[in-house]
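Spelled out from the first residue to the last, the chains are:
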Amino acid sequence: MPSFKIDVSTAVVFVATAPTPKLVSKQAGERAVDRETGTGLSTVGLLISDEGEGNLYQVTVPETGLPENLAPGTPVSVIGLRARDWANTFNGQTRHGISFRSRHHSRCLTPCRTSSRWWRRPEP
């Protein structure tokens, strides 16, 4: 299925939930890995606010793209955010939705400056 780039260049982005390992099977505890590189995947909750609206997204990122000690409340910039629709059928019921993923394998989440005025844009 195709994926679509998401432009968050004008958005304010905060970590909402700390990264957790993404599992293929919760029962077996099997970790999800990137099919191309074999790198382990994690899920991090991001609060993305733009144009007066804020939403919480669960974003899948390769563990190589996560900085250490990424804590809730940390302002971050996101590189390579993409969305992809999905659908599956289990026990006769079809489920569908949109998944979000950062495709970069180097730093895909980078902490922003911690100054209290980091988010303010200059007046025109």
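Residues numbered from 1 in each chain as written. Predicted model: local features only at pLDDT ≥ 70, side-chain atom pairs only at ≥ 80, totals over all residues. Heavy atoms only, no water.

**Here we look at the overall build of the protein chain**
Next up, step 1: In terms of helices and strands, the protein chain carries zero helices and ten strands.
Next up, step 2: Listing every helix and strand of the protein chain by position from the N terminus yields β-β-β-β-β-β-β-β-β-β.
Next up, step 3: The burial tally for the protein chain puts 28% of its 124 residues in the buried class.
Next up, step 4: In the protein chain, the proportion of contacts linking residues at least 24 apart, taken out of those at least 6 apart, comes to 59%.
Next up, step 5: On the protein chain, roughly 8,700 Å² of surface is accessible, and the fraction owed to carbon and sulfur atoms is 51%. (Helix = DSSP H or I, 4+ residues; strand = E, 2+ residues; numbered from the N terminus. Buried < 20%, exposed > 50% of the residue type's maximum accessible area, 1.4 Å probe, protein only. Contact = heavy atoms within 4.5 Å. Areas by Shrake-Rupley, 256 points an atom, 1.4 Å probe, with all protein chains shown as cover.)

**With respect to the pattern of salt bridges**
Next up, step 1: Enumeration according to the criterion identifies two salt bridges in this entry.
Next up, step 2: With a shortest N-O distance of 3.0 Å, Glu-63 and Arg-31 are connected by a salt bridge. Placement of Glu-63 in the loop between β6 (53-62) and β7 (76-78) and of Arg-31 in strand β4 (residues 30-31) is noted, with a sequence separation of 32 residues between them.
Next up, step 3: What makes Glu-63 partly exposed here is its relative accessible area of 40%. (Salt bridge = Lys/Arg side-chain N within 4 Å of Asp/Glu carboxyl O.)

**A few points about unusual backbone geometry**
Next up, step 1: The backbone phi angle of Glu-51 is positive, close to 55°, even though this residue is not glycine.
Next up, step 2: The topology assignment puts Glu-51 in the loop between β5 (41-50) and β6.
Next up, step 3: The exposure class of Glu-51 is exposed, given its relative accessible area of 78%.

**Some points on the confidence of the model for the protein chain**
Next up, step 1: When pLDDT is averaged across the protein chain, the result is 83; 82% of the residues are at 70 or more.
Next up, step 2: The lowest-confidence element of the protein chain is strand β10 (residues 109-111), averaging 66 in pLDDT; the highest-confidence one is β5, averaging 93.
Next up, step 3: Predicted confidence for residues 115-122 stays below pLDDT 50, and this span has seven contacts to residues more than four positions away or in other chains. (pLDDT = per-residue confidence, 0-100.)

**Observations concerning the pairing of strand β8 (residues 81-90)**
Next up, step 1: Summarising the sheet, strand β1 (residues 3-5) and β8 pair through three bridges and their orientation is antiparallel. The residue of β8 that forms the bridge with Ser-3 is Arg-84.
Next up, step 2: Strand direction decides the pairing type here: β8 and strand β9 (residues 93-102), joined by ten bridges, are antiparallel. Of the residues in β9, the one forming a bridge with Asp-85 is Ile-98. (Pairing = 2+ DSSP bridges.)

**A few points about the packing of aromatic side chains**
Next up, step 1: Taken as a whole and assessed by the stated rule, the structure comprises one aromatic pair.
Next up, step 2: Ring geometry for Tyr-57 versus Phe-100: centroids 4.8 Å apart, planes at 65°, classification edge-to-face. With Tyr-57 in strand β6 and Phe-100 in strand β9, this pair connects stretches of sequence that are 43 residues apart.
Next up, step 3: The exposure class assigned to Tyr-57 is partly exposed, which follows from its relative accessible area of 24%. (Phe/Tyr/Trp six-rings, centres within 6.5 Å; stacked < 30°, edge-to-face > 60°.)

**Looking at the sheet that holds β6**
Next up, step 1: A sheet is described by the order of its strands in space; here six strands give the open sequence β1-β8-β9-β6-β5-β2, paired in mixed fashion. The open sheet has two edge strands with one neighbour each: β1 and β2 (12-21). Strand-to-strand twist of the sheet, defined as the mean angle between neighbouring strand axes without regard to direction, takes the value 35°. (Axes fitted to C-alpha atoms, helices over the stretch in contact; angles between N-to-C directions.)

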